[in-house]
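Chain and residue survey
One letter stands for each residue in the lines below.
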Amino acid sequence: MATRDPGVASLPVPAGPAARVRGLSRAFGGRVVLDGVDLDIAPGEFVAMLGVSGTGKSTLLRALAGLDREVTGERCVPGPVAVAFQEPRLLPWRRVLANVALGLRVPDAGAVAGRALEEVGLTGRSGAWPLTLSGGEAQRAALARALVREPSLLLLDEPFSALDALTRIAMHRLVLRLWERHRPAVLLVTHDVGEALILADRVLVLASGRIVFSGPVDVPRPRDRDNPGLTTLRHRLLTELGVNTEGQL
Amino acid sequence: MLLLADRNFYSYQLWNAAAATGAHLLWRVKAGTHLPVVAELPDGSWLTRIPDPRAAQARRHKNGQRRRRGSTPGPDTGPLPGITVRVIEYVLTVTAGDGRTRTERYRHITTLTDWRACPAAELAAGYAWRWAIDPGKQGAWHGDIGLIPADKLPQPAAVWHTAVSLVTTSSPAYGTLPGAILVSLQRMAIGFAVGGTPAVLLALVAGLSRLGENAVDPLLQIVRMLPLFGLIPVFIVWFGIGELPKIILIALGAAIPLYLNTFAGIRGVDAKLAEVGRVQRLTRAETIRHIVLPGALPQALTGLRQSLGVAWLALVVAEQVNANAGLGFMISQATQFLRNDVILVALAVYAVLGLITDALVRLLERRALAWRRGILG
């Protein structure tokens, strides 16, 4: 059983889950957003969380990241956590390499950050100012900044939603490649059912502050968007999300 | 003594009464006045004879009665009593403020009939000078723009000449221009350092903690609302008329915009970026160094430019109140001596110094905020 103290992030990842929450609740001024959520994420597991807007997906992610101090319930994340947000959130006044190395406490942090940039294919932009990057480049730099910390839990808060369709496909492949290499547990918050089906081992649906559906995606990777094995699950997910799927793919 | 008078004063009686005092007269008369040439003078002026209008009237009356009666002596045409005066006439082209030009004929009559001792040009110039220094005379009689008399708005070449002579020679009234600049710059530097340094420190204290804000901000908001230049009399009472009140005035002027902008800059740092600091587990010192201070810098630099502007303003005012050296002193001296050219030189120097300091801050901005070039393209 892992300790519940988030301060022991440097301990080796124990055999237990990479993240565990029990009875997680959060209300904003009387409006209940999370209503006793229970969730386990296994080490190295890629979990996608779906939900319509305002169902508390981001609130749950922020709670896991330790960014929300007013959440109640039990939260246990034993290993290091990294977050990539919807916006890249690079410090505009630090060059790309320095952004990736921000808060990195290892010997020769610059070289480590450089290798992370190489992994996301941004070696050539390491000396650039973030405001000169394209949306995809900035998001890749943000991914490098998250992964350089070798997190045992990687939280992705709709990181592809602001990208164009082609860039998004490339980013999906990049995220899968990085995940396969580093094997962090991943919680991906997204609106996009297709994205969840392509990437995740398991898909959750959050509604009214609770996890109302949780099911595995039993199709080997790499997956295609129109893989017939995903059709049943897609219909199920869309129904859970309240979308009428009759006559539609 | 030479008595000048404008166009509408002339009458035969008044002229004679004035001349009877023994003063010489130089009066402008209406351009249409009938002033026949009796003798031409080599400087372009002429002598004329003005008959006594009462005698002329009496003769017209007498001759009219003789004509009606058909008297034999016929009309009386002998010389009338009168005065001999000299006429000076010239034409001036005046350019008004809107660029239109008009030509005006000037006619003076004078009792100074000796053209060698008093050439026409000299008298005309003297008359012009008299009106130019009259503050009530708004309409331009001479000069380039028609709104301000030439004597009050010296031409650029004249100002330049004054500037050169102020640089090259030391006058007892003004000293030298470089000396004045040095004194003013020194005041500015001391005042800015005295005001700017605590402003930035207080902004950090107030910006980085609630406690600091509660301790510092209300006080500075009070100071901010005080009318800066309204404090001068109190400063004189408290600190005398030496350097201290001037330094404090400049320091206050510099401190307020710098404090306000730095404080607002710190508080305005994007909360989302501050969150990144938490995610990356930065220490408080690292968060301040990597996120808060660089994020506040653009607005702090804007504050720096504003406070430089206010500090220059405070310097100008402080130096004119009571100083014995510096640019402002030069201006107040020049005011005493009606030397608008010197005032203009000093004002131009203020402007140039202000521009230079502003350019320095902009250079600093370009270097420190190089990351923003991405936005501007």
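Residues numbered from 1 in each chain as written. Chains lettered and ligands numbered in written order. Predicted model: local features only at pLDDT ≥ 70, side-chain atom pairs only at ≥ 80, totals over all residues.

**Remarks on the overall build of chain A**
- Looking only at helices and strands, one finds 7 helices and 9 strands in chain A.
- Taking all 249 residues of chain A together, the buried fraction comes to 43%. (Helix = DSSP H or I, 4+ residues; strand = E, 2+ residues; numbered from the N terminus. Buried ≥ 20, exposed ≤ 12 C-beta atoms within 10 Å, placed from the backbone.)

**Side note on the overall build of chain B**
- Counting its regular elements, chain B contains 13 helices and 6 strands.
- For chain B, with 377 residues in total, the buried portion stands at 27%.
- Look at the contacts in chain B between residues 6 or more apart in sequence, and 63% of them connect residues 24 or more apart. (Contact = placed C-beta atoms within 7 Å.)

**Here we look at the packing of helix α10 (residues 284-321) of chain B against helix α11 (residues 327-336) of chain B**
All names here are of chain B.
- Relative orientation of the contacting elements α10 and α11 amounts to 55°, with a least axis distance of 7 Å. Relative to α11, the element α10 is oriented oblique. By crossing handedness, the relation of α10 to α11 is classed as right-handed. Of the residues in α11, those touching α10 at V316, A318, E319 and Q320 are L327, G328, F329, I331 and S332. (Axes fitted to C-alpha atoms, helices over the stretch in contact; angles between N-to-C directions. Parallel < 35°, antiparallel > 145°, perpendicular 65-115°, else oblique. Left-handed = near helix turned anticlockwise from the far one by under 90°.)

**Side note on the sheet that holds strand β8 (residues 202-207) of chain A**
Residues and elements named next belong to chain A.
- The 6 strands lie next to each other as β5-β6-β7-β3-β8-β9, forming an open sheet whose pairing is mixed. In the strand order of this sheet, the two ends are held by β5 (81-84) and β9 (210-216), each with one partner. Averaged over all adjacent pairs, the angle separating strand axes in this sheet is 20°, with direction ignored.
- Across 4 bridges, the pairing between strand β3 (residues 46-50) and strand β7 (residues 185-189) is parallel. (Pairing = 2+ DSSP bridges.)

**Observations regarding the interface of chain A and chain B**
- Across the boundary between the two partners, chain A contributes 14 residues, which contact 16 residues of chain B.
- Of the residues assigned to the side of chain A that touches chain B, the class counts are 9 nonpolar, 2 polar and 3 charged. (Nonpolar A, V, L, I, M, F, W, Y, C, P; charged D, E, K, R; others polar.)

**Examining the pairing of β3(A)**
- Of all 5 residues that make up β3(A), 5 are buried, and the element is covered over most of its length.
- Burial along β3(A) is two-sided: the residues A:F46, A:A48 and A:L50 and A:V47 and A:M49 are all buried.

**Concerning the nonpolar core**
- One finds A:V100, A:A144, A:L155, A:L187 and B:I250 to be the most contacted residues of the largest nonpolar core, which totals 127 residues.
- Once residues lying within four places of it in the same chain are set aside, the contact partners of A:L187 are A:I41, A:V47, A:M49, A:L61, A:L64 and A:L155.
- Counting 14 residues, the second-largest nonpolar core is a separate cluster that includes B:V29, B:V87, B:I88 and B:Y127. (Core = buried A, V, L, I, M, F, W, Y, C linked by C-beta atoms within 7 Å.)

**What about the environment of A:G242?**
Residues and elements named next belong to chain A.
- Note on placement: G242 falls in the segment after α7 (231-240).
- Taking the C-beta count within 10 Å as the criterion, G242 has 9 such neighbours and is therefore assigned exposed.
- Between the C-alpha atoms of G242 and G51, which are 191 residues apart in sequence, the distance is 9.6 Å.

**Here we look at the sheet that holds strand β4 (residues 72-76) of chain A**
Residue and element names in this part refer to chain A.
- Strand order in the open sheet formed by 3 strands is β2-β1-β4, with antiparallel pairing between adjacent strands. Across the chains shown, the open sheet's two edge strands, defined by having one partner strand only, are β2 (31-41) and β4. When strand polarity is set aside, the average angle formed by the axes of neighbouring strands in this sheet is 20°.
- As paired strands, strand β1 (residues 19-28) and β4 are joined by 4 bridges and run antiparallel to one another. Its bridge partner lying in β4, R20 is registered against C76.
- Here helix α1 (residues 57-65) sits on the sheet in contact with β1, β2 and β4, set at roughly 125° to β1.

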